[in-house]
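# Structural features, examined
Here is what each chain is made of, one letter per residue.
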Amino acid sequence: MTTPAKALQQTLANQAEHYNAAQAKAAGRGPMHLITFWTSVCRKLAKDALEDGDPEVANRLAAHLNDFYRAHTQ
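This text gives an overview of the structure that appears in the document. This one's a predicted model, so the numbers in the text were calculated from it and none came from an experiment.

As a further point, take the packing of aromatic side chains. Summed over all chains, the structure comprises two aromatic pairs. Consider the rings of Y19 and F37, whose centres lie 6.3 Å apart with planes at 70°: the pair is edge-to-face. With Y19 in helix α1 (residues 3–29) and F37 in helix α2 (residues 31–51), this pair connects stretches of sequence that are 18 residues apart. Residue class for F37 comes out buried when judged on its relative accessible area of 10%. Taking 4.9 Å as the distance between ring centres and 75° as the angle between the ring planes, the aromatic pair formed by F37 and W38 counts as edge-to-face. Under the relative-accessibility criterion, W38 is labelled partly exposed at 39%. In textbook terms, an aromatic cluster arises when at least three aromatic residues are bridged by ring pairs, as seen for Y19, F37 and W38.

So, about the environment of L34. Following the sequence through the fold, L34 ends up in helix α2. You can call L34 partly exposed: its relative accessible area is 26%. Once the C-alpha coordinates of L34 and A22 are considered, the two residues, twelve residues apart in sequence, prove to be 9.1 Å apart. In this view, L34 contacts Q23, A26 and A27; residues no more than four positions away in its chain are not counted.

Conventions used here
Residues numbered from 1 in each chain as written. Predicted model: local features only at pLDDT ≥ 70, side-chain atom pairs only at ≥ 80, totals over all residues. Heavy atoms only, no water. Phe/Tyr/Trp six-rings, centres within 6.5 Å; stacked < 30°, edge-to-face > 60°. Helix = DSSP H or I, 4+ residues; strand = E, 2+ residues; numbered from the N terminus. Buried < 20%, exposed > 50% of the residue type's maximum accessible area, 1.4 Å probe, protein only. Contact = heavy atoms within 4.5 Å.

Treat this as a map of the structure, not an account of what it does.
This is the structure in structure tokens:
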């Protein structure tokens, strides 16, 4: 494995460790904290994709949230 590939693999491992710990902490604090955690993570994914010129992630997140809202308000 090349050095850049190893660095990327380590970055992804560090990110996964961070998110796993944050998710566990949020879950321990209750459902609303877990919702806030996932909302923040999803917003970051959408924002990063938009900054890279890809609106698809944001569009899919918005559509999913709209579907969720409709399913729980009717």
